[in-house]
Amino acid sequence: MENFTPVTAILGGLLIGCSAVLLLGLIGRIAGISGILFGAFDYDQFRDGTWRDNTWRWWFLFGLLSGAGGYIWLVPLSFEVRNGFPVPLLVMAGILVGIGTRMGSGCTSGHGVCGIARLSRRSILAVMVFIFTAMLSTYIMRHWLGMNQ
Amino acid sequence: MKTNISAMFSGLLFGLGLAISQMINPEKVLAFLDITGNWDPSLMLVLAGAVGVSLGGYHLVLQQPHPLFKGKFYLPTRHDIDLPLLLGAGIFGVGWGIAGYCPGKPCCRRARWVSRWRPDRSRRRGSRPSRSTAPSSVSGWAFTGSRELKRSR
């Protein structure tokens, strides 16, 4: 528990919550990163020769990148950057995350932050399922396969 | 234009939140998921903080007839629990648990490229791993997307 950082965790959480409320209050959208990212690449959005109400997604992603980038630029990283994690595992993880969030229509932000806030039954269940399988897969990776860095 | 600026501002806050709470560090995420190890409950507090704000905020916002700059709210309409939801959430969890990346983080980690010119060498190393997850996430989506398209034809 010595790595526990409650103050920055809550502060960051509050900012993420404000972001989600703003996005819904201003333009009526759910702040789910997988949904926004996927929608940004969705060929189905291209109709009648124009992108259908799609640019806001790119602006959101640009903001996301600048927000995190700006913070890192101003404040030196407080953690050691992970090095040497096997690339095939990263690719596999990425593919599973991609398939899973698409099939389950959401990720930690869409189901976790926005879904729970809307008291959506689907989201609450999805969060319980993915936290459970994530804990299981981390356990197997670290304690059975010895991927503990 | 208002729409885009709102989206960018919201994204900015989101990215800032992820960076401040260190959720851009996959090891921090894995430390939460690894309950039998040296458990770090920070992620739970991030989620709690975010849900705390959005629970109240959404309630107030959804009492309005429509969002400030748009004619309607774009909310998910489904309420049924189906297999793709459970299976998808399960698969996502497995992938998340392997490397500690969920969709927002590889995007944010790319932000490290932005700050690369800083003359501190130690900070430059190791930004590579994030390169592989974002494209493969997108290819995962593309894969299921094309499957869906086939099914609907």
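Residues numbered from 1 in each chain as written. Chains lettered and ligands numbered in written order. Predicted model: local features only at pLDDT ≥ 70, side-chain atom pairs only at ≥ 80, totals over all residues. Heavy atoms only, no water.

1. Brief notes about the overall build of chain B
Here is the rule we go by: For the purposes of this entry, the term helix denotes a DSSP run of H or I that reaches at least four residues, the term strand denotes a run of E that reaches at least two, and both are numbered from the N terminus. In what follows, a contact means two residues having at least one pair of non-hydrogen atoms within 4.5 Å.
Summing up its helical and strand segments, chain B has 8 helices and 0 strands in all. Walking chain B from its N terminus toward its C terminus, one meets helices and strands in the order α-α-α-α-α-α-α-α. When contacts within chain B are restricted to residue pairs at least 6 apart in sequence, those whose partners lie at least 24 apart make up 44%.

2. Points about the interface of chain A and chain B
Short version of the rule: Once two parts are put together, the accessible area they lose, assessed with a 1.4 Å probe and summed over both, is termed the buried area. Salt bridge, as applied in this entry: a Lys or Arg side-chain nitrogen positioned within 4 Å of an Asp or Glu carboxyl oxygen. In protein, a polar contact requires one atom able to donate a hydrogen and another able to accept it; more generally it is a pair of N or O atoms within 3.5 Å, and residues adjacent in sequence count only if both atoms are side-chain atoms. Three classes are used: nonpolar for Ala, Val, Leu, Ile, Met, Phe, Trp, Tyr, Cys and Pro, charged for Asp, Glu, Lys and Arg, and polar for all others, with Gly counted as polar.
In this complex, chain A contributes 107 residues to the contact, which on the side of chain B involves 112 residues. Taken together, both faces of the contact between chain A and chain B bury some 10,300 Å²; the carbon and sulfur share is 73%. By the criterion of area lost to chain B, the three top residues of chain A are Leu-26, Arg-82 and Arg-122 of chain A, representing 8% of everything that side buries. Summed over the shared surface of chain A and chain B, the number is 3 salt bridges. Here Arg-142 of chain A and Asp-34 of chain B are joined by a salt bridge, their closest N and O atoms 3.2 Å apart. If you look at where chain A meets chain B, you find 23 residue pairs in polar contact (both at pLDDT 80 or more). Elements with a contribution of two residues or more to the side of chain A that touches chain B: helix H1 (6-27), helix H2 (33-40), helix H3 (55-74), helix H4 (87-103), helix H5 (108-117) and helix H6 (121-144) of chain A. The dominant element in the side of chain A that touches chain B, judged by the number of residues it contributes, is H1 of chain A, at 21 residues. Residue classes in the side of chain A that touches chain B are distributed as 66 nonpolar, 32 polar and 9 charged.

3. As for the packing of H6 of chain A against helix H2 (residues 26-33) of chain B
Our working definition: The axes are straight lines fitted to the C-alpha atoms, using for helices just the contacting stretch, and the angles between their N-to-C directions are given from 0 to 180°. Roughly parallel means an angle under 35 degrees; roughly antiparallel means over 145; roughly perpendicular covers 65 to 115; every other angle is labelled oblique.
Where H6 of chain A meets H2 of chain B, the closest approach of the two axes is 9 Å, and the angle between their N-to-C directions is 100 degrees. Taken together, H6 of chain A and H2 of chain B sit at an angle that is classed as roughly perpendicular. Contact with H6 of chain A, carried on its side by Ala-134, Met-135, Thr-138 and Arg-142 of chain A, involves Glu-27, Leu-30, Phe-32 and Leu-33 of chain B of H2 of chain B and no other residues of that element. Looking at the contact of H6 of chain A with H2 of chain B, its residues break down into 5 nonpolar, 1 polar and 2 charged.

4. Let's talk about the packing of aromatic side chains
Selection rule: Side-chain rings of Phe, Tyr and Trp (the six-membered ring for Trp) are treated as a pair once their centres are within 6.5 Å; stacked means planes under 30 degrees apart, edge-to-face means over 60, and tilted covers the remaining angles. The buried label applies to any residue whose accessible area, calculated with a 1.4 Å probe on protein chains only, is under 20% of its type's maximum; exposed applies above 50%, and partly exposed to all values in between. For a Lys NZ or an Arg CZ to count as sitting over a ring, it must be within 6 Å of the ring centre and within 35 degrees of the ring normal.
Tallied over the entire structure, the rule returns 7 aromatic pairs over all chains. A ring pair is formed by Phe-60 of chain A and Phe-14 of chain B, whose centres lie 6.2 Å apart and whose planes are at 70 degrees; its orientation type is edge-to-face. A residue pair is termed interchain when its members come from two chains, as with Phe-60 of chain A in helix H3 and Phe-14 of chain B in helix H1 (residues 2-20). Residue classification places Phe-14 of chain B among the buried positions, given a relative accessible area of 3%. Judged by centre distance (6.1 Å) and plane angle (35 degrees), the ring pair of Phe-32 of chain B and Trp-39 of chain B falls under tilted. Of the aromatic side chains, those joined through ring pairs into one cluster are Phe-130 of chain A together with Phe-92 and Trp-96 of chain B. Above the ring of Tyr-74 of chain B, the side-chain terminus of Arg-29 of chain A is found at 3.7 Å from the ring centroid.

5. Looking at the confidence of the model for chain A
Stated formally: In predicted models, pLDDT denotes the confidence assigned by the predictor to each residue on a 0 to 100 scale.
Looking at chain A, pLDDT values average 87 and 91% of them are 70 or higher. When mean pLDDT is taken per element in chain A, H1 of chain A scores highest with 95 and strand S2 (residues 50-51) of chain A scores lowest with 54.

6. A look at the pattern of salt bridges
Residue and element names in this part refer to chain B. Tallying each qualifying case throughout the model produces 6 salt bridges over all chains. Among the salt bridges present, the one from Asp-40 reaches Lys-28, with a minimum N-O distance of 2.9 Å. Residue Asp-40 is located in the loop between H2 and helix H3 (42-61), and its partner Lys-28 is located in helix H2; the two are separated by 12 residues in the primary sequence. For the pair Asp-40 and Lys-28, one class covers both residues: buried.

7. Some points on the packing of H2 of chain B against helix H4 (residues 83-99) of chain B
Residues and elements named next belong to chain B. Following both chains from N to C, one finds H2 and H4 inclined at 115 degrees, their axes separated by 8 Å at the closest point. Contacts from Pro-26, Val-29, Leu-30 and Leu-33 in H2 reach Trp-96, Gly-97, Ile-98 and Ala-99 in H4. Taken together, the residues of the contact of H2 with H4 sort by class into 7 nonpolar, 1 polar and no charged.

8. A closer look at the state of the cysteines
Heads up, the condition is: The term disulfide is used for any two cysteine sulfur atoms that are within 2.5 Å.
Across all of its chains, the model carries 0 disulfides over all chains by this definition. Its sulfur unpaired, Cys-18 of chain A is 13 Å from the next cysteine sulfur, which belongs to Cys-114 of chain A.

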